[in-house]
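# Topology and contacts: notes
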Amino acid sequence: MKKKISMIGVPMDLGQSRRGVDMGPSAIRYAGAIEKLQELKYEIHDLGDIPINRPDQKINYNDGTNLKNLDQVIEANDQLARMIDEEIQKDRFPLILGGDHSIAIGTLAGTSKYYENLGVIWYDAHGDLNTGETSPSGNIHGMPLAVSLGIGHEKLTNIFGYAPKVKPENIVIVGARSLDPGERELIREKGIKVFTMHEIDRNGMAYVMEETINYLKNKTDGVHLSLDLDGLDPTEAPGVGTPVMGGMTYRESHLAMEMLADSDLLTSAEFVEVNPILDEKNKTADMAVGLMGSLFGEKLK
């Protein structure tokens, strides 16, 4: 991976309904993200946080849709895409700190224009493949992967002026254990590769990551990691907004990151959905930083 990293915080909590995840970037920095990566000999360019314009009311429904805070989510993701675009032109590795998972719309918009076949590893309890029609909640943080496939509200799918950002055959979802009916249908229709907790439990994380890496390495010219901390089991990572029991362990996740580091496939990454209000002594942010260390090559020996 590139030795120059551009770190961008996106203190966004408008893609969902629970306050607190907007403090995620601060919590991750406080947990020592910059110091960890500097110890690993990376040159860090911390660009601070993107300003988020909050709606006048608690939840704002725009354009007559059921999508919460649509205009504000579009504005923040457009800013993020433009910043990432500038940093890639400087030959730096984009590392994005969330914020809720709706920020992946901007991350993928800013990165995928540089790749013919960008691969995406979606490390998450959820598929985030909902649309306004299939979402039970109207929360845009449950839609970024569908949006990046060009499916959903036109203003979201066309952020940064083009769509789609990724192809279904270049996506691997790892750790899924909570999928809505519309998401399952879309996975079947598009042939998206998914490793649920069943495969991880049955075959082990090493097998799942080997399969993931082999699946992507010959068909992609870059790979983005989108890591939602709710992919981990909430007994270990309690500071997330949408916890689902029965998730991946911290140790399994370290192994996954170590294998990704060894593969040398990644060209960008994001860590999202850390919610300090729901956390225990910044435990989940500490885990995020620990996983960053493994992803960027930290070894025990």
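Residues numbered from 1 in each chain as written. Predicted model: local features only at pLDDT ≥ 70, side-chain atom pairs only at ≥ 80, totals over all residues. Heavy atoms only, no water.

## What to know about the side chain of D233
The residue D233 is located in the loop between β7 (222-228) and α10 (250-263) in this model. R177 provides the closest opposite charge to the buried, unpaired D233, separated from it by 5.5 Å. One polar contact links the side chain of D233 to the main-chain amide nitrogen of G247, over a distance of 2.8 Å. (Helix = DSSP H or I, 4+ residues; strand = E, 2+ residues; numbered from the N terminus. Buried < 20%, exposed > 50% of the residue type's maximum accessible area, 1.4 Å probe, protein only. Lys, Arg positive; Asp, Glu negative; His and termini not counted. Salt bridge = Lys/Arg side-chain N within 4 Å of Asp/Glu carboxyl O. Polar contact = N/O pair within 3.5 Å; in protein donor to acceptor, adjacent residues only side chain to side chain.)

## Brief notes about the nonpolar core
Counting 50 residues, the largest nonpolar core has L95, Y123 and L225 as the members making the most contacts within it. Not counting residues up to four positions away in its chain, the partners in contact with Y123 are V174, M205, L225, S226, L227, D228, L232, M248, E252, S253, A256 and M257. (Core = buried A, V, L, I, M, F, W, Y, C linked by side-chain atoms within 4.5 Å. Contact = heavy atoms within 4.5 Å.)

## Section: the layout of surface pockets
What the largest pocket holds in volume is close to 300 Å³. Split into classes, the residues belonging to the lining of the largest pocket amount to one nonpolar, 13 polar and eight charged. (1 Å grid on protein atoms, 1.4 Å probe; cavity = no way out; pocket = protein on both sides within 12 Å on 5 of 7 lines; lining within 4 Å. Points joined across faces, edges and corners; volume = space filled by probe spheres on them. Nonpolar A, V, L, I, M, F, W, Y, C, P; charged D, E, K, R; others polar.)

## Notes on the UniProt feature "binding site: Mn(2+) 1" (unreviewed entry) in the protein chain
Following the UniProt record, the feature "binding site: Mn(2+) 1" (unreviewed entry) maps to H101, D128, D228 and D230 here. Across 130 residues of sequence, these annotated residues stay compact in space, with a maximum C-alpha separation of 12.2 Å. Set against the largest pocket, the annotated residues named above that line it are H101, D128, D228 and D230. With respect to the helices and strands, H101 occurs in the loop between β3 (93-98) and α4 (104-111). At 3.2 Å, the side chain of H101 forms a polar contact with the side chain of D124. The residue D228 is located in strand β7 in this model. (UniProt positions renumbered as here; feature names shortened; annotations may be inferred.)

## Details of the sheet that holds β7
If you trace the eight strands from one edge of the open sheet to the other, you get β2-β1-β3-β8-β7-β4-β5-β6, paired in parallel fashion. Every other strand in the sheet has two partners, leaving β2 (43-49) and β6 (193-196) as the edge strands with one partner each. Between one strand and the next, the sheet's axes are offset by a mean angle of 15°, whatever the strand orientation. Direction of pairing for strand β4 (residues 118-123) relative to strand β5 (residues 171-176): parallel, over a ladder of four bridges. Residue pairing across strands places I121 opposite V172, the latter belonging to β5. Across the sheet, α4 touches β3, β4, β7 and β8 (266-272), and the angle it forms with β4 is around 160°. (Pairing = 2+ DSSP bridges. Axes fitted to C-alpha atoms, helices over the stretch in contact; angles between N-to-C directions.)

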